[in-house]
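# Structure assessment
The chain contents come next:
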Amino acid sequence: MVGAAGAAAFGGAGGGRGGWWRRNDTLRADARAARDAAQQAFYELDSAQRDVQLAVETVRAAEDSAAARQVLADFQQVSGRVDQVSVNYLAALDAYDLDAEELESGAATQARRRLEDVKGQLGSAQAELDGFLQRLQPLLQQAESQLMRVTPAVEKAKRSLLAATTALEAVRGAGLKADDLAAQLAELAPELTRLNEGASKHGVAPTLKRADDVARRAEAVAEHAQRLPERAQEIDRRVASLRTRIQALETKAGTVEPALSELRRRFSSACWQDLQRVPAQVAEAVRAAREKLAEAARARDEQRWPDATGAIGTVRALLTTADDSVAAVNERLRRLNEVEHDPHREIERTRFALRDAQRLAMAGRQAPDPRHAGPLDAAVARLDRAVAELEAAGRHPDYWHFLGELAEVRETAAKVVELIRGDLGAAGHH
């Protein structure tokens with residue numbers, strides 16, 4: 001009996017010890033489960049915080065508005081609360097060694113409760129982050145839309161820079177220096193560095209503006225570089241053409257002295273006195289044109305394009321003036337020959353112009369308008385005086401003065417005609 005009772009007592013004691021260990025294992029398992037659940041919640045919160053951080057950075061990079069600045073301020077507060085919850089979680093995790101064999105049941109219970117509380121805090125922080133991200137969506141979508149423009153804009157700028165570099169190399173390969181274009185291209189190097197640093201550092205709007213500016217300036221360099229060979233060829237053509245014009249002018253200038261000699265011999269001095277300096281003027285123009293053309297050629301060789309173009313313009317102006325002077329001498333001789341041969345032709349031409357104006361002035365009227373009649377009457381008198389002076393001049397009349405007077409009479413008639421037609425047009429509108 002004693003033995004049996006002892007055995008029963010031992011068995012009861014042993015059974016009690018076995019039940020305690022089972023309860024302790026259960027509490028440890030519950031604590032570990034709470035730890036695992038809290039750990040999972042922590043990982044999810046950490047991931048959510050990174051997602052929100054990325055979204056906030058996206059907005060910050062793309063926006064510099066009051067709304068974006070408020071988002072940043074709000075996120076700092078939310079992030080601070082999340083960080084505190086994370087600290088609480090880590091502290092709870094470090095407070096208990098759930099894998100220790102000597103962990104008591106009370107400690108396991110405390111660990112479970114604390115970890116469950118921390119899991120609740122992590123869940124609340126997760127919910128706050130989710131809500132913040134939801135409110136952020138409109139700004140985020142707008143920012144992402146802006147950011148989508150950055151990459152194409154930056155790539156376009158880089159392609160433009162590459163095209164400009166290639167064009168510049170081609171120009172140099174053709175023997176042209178294009179130092180000014182190379183300097184312009186070199187100025188873009190720091191801008192390219194900033195583009196490579198990205199919108200996250202410099203902001204979306206400044207990056208887009210910089211990319212557009214780089215692309216535009218690089219395209220301008222490329223365009224100018226591509227035009228340089230053509231520009232050089234065009235200047236070469238102009239220089240050659242002007243050289244030919246100078247030679248042609250020299251040939252035409254040979255007609256001036258014979259024409260002047262004939263004018264002096266056959267007509268009064270009043271008919272040619274103003275042309276006396278034409279030979280010297282033409283010779284000086286030819287000399288100056290040759291010098292300027294040499295300057296243009298030097299400027300072209302040195303690729304001073306504006307200087308070359310300016311010198312070419314000066315040469316053209318000199319040659320045009322000299323050509324006009326040569327033509328004036330020969331035209332004077334031609335017109336004087338014509339009027340000497342038949343002065344009545346010029347007189348009739350002028351009378352016809354006057355009669356035409358007089359008929360128009362009388363059209364539909366009993367008497368002409370004094371504004372029309374006065375100038376026409378004066379013009380008729382002027383014509384009569386010019387004819388009378390010519391007939392009274394003897395062997396060497398001033399034909400040039402005569403031609404000038406008749407030209408003035410025809411101009412008066414034309415002005416009266418224009419005035420009459422203006423009056424008729426105004427009356428028609430009424």
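The following paragraphs examine the structure supplied in this document. (Residues numbered from 1 in each chain as written. Predicted model: local features only at pLDDT ≥ 70, side-chain atom pairs only at ≥ 80, totals over all residues. Heavy atoms only, no water.)

## Remarks on the overall build of the chain
- On a plain count of helices and strands, the chain comes out with 13 helices and zero strands.
- Taken from the N to the C terminus, the helices and strands of the chain come in the order α-α-α-α-α-α-α-α-α-α-α-α-α.
- The buried share of the chain, taken over its 430 residues, is 35%.
- The long-range share in the chain, meaning contacts at least 24 apart out of those at least 6 apart in sequence, stands at 79%.
- Roughly 24,700 Å² of accessible area belongs to the chain as shown, and the carbon and sulfur atoms make up 53% of that amount. (Helix = DSSP H or I, 4+ residues; strand = E, 2+ residues; numbered from the N terminus. Buried < 20%, exposed > 50% of the residue type's maximum accessible area, 1.4 Å probe, protein only. Contact = heavy atoms within 4.5 Å. Areas by Shrake-Rupley, 256 points an atom, 1.4 Å probe, with all protein chains shown as cover.)

## Some words on unusual backbone geometry
- Phi at Gln303 is positive, roughly 60°, even though this residue is not glycine.
- Topologically, Gln303 is positioned in the loop between helix H9 (278-301) and helix H10 (305-341).
- Exposure remark for Gln303: the relative accessible area of 13% places this residue in the buried category.

## Observations regarding the packing of aromatic side chains
- As enumerated under the stated definition, the model contains three aromatic pairs in all.
- Ring centres of Phe267 and Tyr399 lie 6.2 Å apart, and the angle between their planes is 80°; this geometry places the pair in the edge-to-face category. On the criterion of sequence distance, the pair formed by Phe267 in the loop between helix H8 (256-266) and H9 and Tyr399 in helix H13 (residues 399-429) is long-range, its members being 132 residues apart.
- What makes Tyr399 buried here is its relative accessible area of 10%. (Phe/Tyr/Trp six-rings, centres within 6.5 Å; stacked < 30°, edge-to-face > 60°.)

## Here's the deal with H8
- Looking only at H8, the buried set comprises Val256, Ala259, Leu260, Leu263 and Arg266. The arc that holds every buried residue of H8, seen down its axis, measures 145°, which confines them to one face.
- Residues of H8 that are buried make contact with helix H7 (204-253), H9 and H10. (Arc of directions from axis to C-beta.)

## Comments concerning the pattern of salt bridges
- Considering all chains together, one arrives at 32 salt bridges under this definition.
- Across the salt bridge formed by Asp213 and Arg217, the nearest N and O atoms sit 3.1 Å from each other. With Asp213 and Arg217 both in helix H7 and four residues apart, this pair spans about one turn of that helix.
- One salt bridge in this structure joins Glu291 and Arg287, with 2.6 Å as the shortest N-O distance. Linking Glu291 with Arg287, this pair stays in helix H9, spanning four residues, or about one helical turn.
- Accessibility expressed as a relative area gives 44% for Glu291, which makes it partly exposed.
- Accessibility expressed as a relative area gives 39% for Arg287, which makes it partly exposed.
- A single salt-bridge network, built from bridges that share partners, covers Glu187, Asp213, Arg216 and Arg217. (Salt bridge = Lys/Arg side-chain N within 4 Å of Asp/Glu carboxyl O.)

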